[in-house]
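Observations on the model geometry
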Amino acid sequence: MEAMTAIELTDNEFLRQFEATFDDKMAKIEYSLQERKIFLTKISMPEGTEGHMNDFIVSVFNEVEDRNISLVPTSPEIAKFMRSNRRKYKKLLPVGINI
């Protein structure tokens, strides 16, 4: 298991985004929830926090897995991460969706 920085993840349901703070700057992953699927539509990493992006995505993927719902990465950065880690996270994709 790879070492990962502990991230305090917040689900801001009102704004429909996951939030995490790195170096006192807030990173966000916006989402849209439909039926039993969550669409990750946009990721915003403040300048200087880009190095935390993969850990942030992993923490969101873990949260989605804990909720037992499917994940559809529509953000190019998140789709790229999903492709790079296909074997590990393939089970999160809805049936019939390939990344």
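The paragraphs below set out a description of the structure included in this document. Bear in mind the structure is a predicted one, so any value in this text is a computation, not a measurement. (Residues numbered from 1 in each chain as written. Predicted model: local features only at pLDDT ≥ 70, side-chain atom pairs only at ≥ 80, totals over all residues. Heavy atoms only, no water.)

Our next topic: the overall build of the protein. Regarding its fold elements, the protein presents three helices and five strands. Along the protein, helices and strands appear, N-terminal first, in the series β-β-β-β-α-β-α-α. In terms of overall dimensions, the protein has C-alpha extents of about 40 × 35 × 25 Å along its principal axes. A total of 99 residues make up the protein; the buried ones form 38% of that total. Intrachain contacts of the protein at a sequence separation of at least 6 include 42% that bridge at least 24 residues. Taking the 14 positively charged and 16 negatively charged side chains of the protein as two groups, their mean positions are separated by 10 Å. (Helix = DSSP H or I, 4+ residues; strand = E, 2+ residues; numbered from the N terminus. Buried < 20%, exposed > 50% of the residue type's maximum accessible area, 1.4 Å probe, protein only. Contact = heavy atoms within 4.5 Å. Lys, Arg positive; Asp, Glu negative; His and termini not counted. Charge placed at Lys NZ, Arg CZ, Asp CG, Glu CD.)

Mapped onto the fold, Phe 39 is located in strand S4 (residues 37–44). Residues Phe 39 and Pro 73, spaced 34 residues apart in sequence, show a C-alpha to C-alpha distance of 5.8 Å. Once residues lying within four places of it in the same chain are set aside, the contact partners of Phe 39 are Glu 30, Tyr 31, Ser 32, Gln 34, Val 72 and Thr 74.

Glancing now at unusual backbone geometry. A positive phi is found at Asp 23, a non-glycine position, where the angle reads about 50 degrees. Tracing the backbone shows Asp 23 in the loop between strand S2 (17–22) and strand S3 (25–34). Given a relative accessible area of 56%, Asp 23 falls into the exposed group. For Glu 35, which is not a glycine, the phi torsion comes out positive at approximately 50 degrees. On the secondary structure map, Glu 35 appears in the loop between S3 and S4. A relative accessible area of 74% means that Glu 35 is categorised as exposed.

On to the side chain of Gln 17, then. Within the secondary structure layout, Gln 17 lies in strand S2. We classify Gln 17 as buried; its relative accessible area is 7%. Among the polar contacts made by the side chain of Gln 17, one reaches the side chain of Glu 19 at a distance of 2.7 Å. In this view, Gln 17 contacts Thr 10, Asp 11, Asn 12, Lys 28, Ile 29, Glu 30 and Tyr 31; residues no more than four positions away in its chain are not counted. (Polar contact = N/O pair within 3.5 Å; in protein donor to acceptor, adjacent residues only side chain to side chain.)

Now for the packing of aromatic side chains. Counted under the stated rule, the structure contains five aromatic pairs. A ring pair is formed by Phe 61 and Tyr 89, whose centres lie 4.9 Å apart and whose planes are at 80 degrees; its orientation type is edge-to-face. Taken together, the positions of Phe 61 in helix H1 (residues 53–67) and Tyr 89 in helix H3 (residues 86–89) put the pair 28 residues apart, joining distant regions of the chain. There is no split in this pair, since Phe 61 and Tyr 89 are both buried. One aromatic cluster is present, formed by Phe 61, Phe 81 and Tyr 89 through successive ring pairs. (Phe/Tyr/Trp six-rings, centres within 6.5 Å; stacked < 30°, edge-to-face > 60°.)

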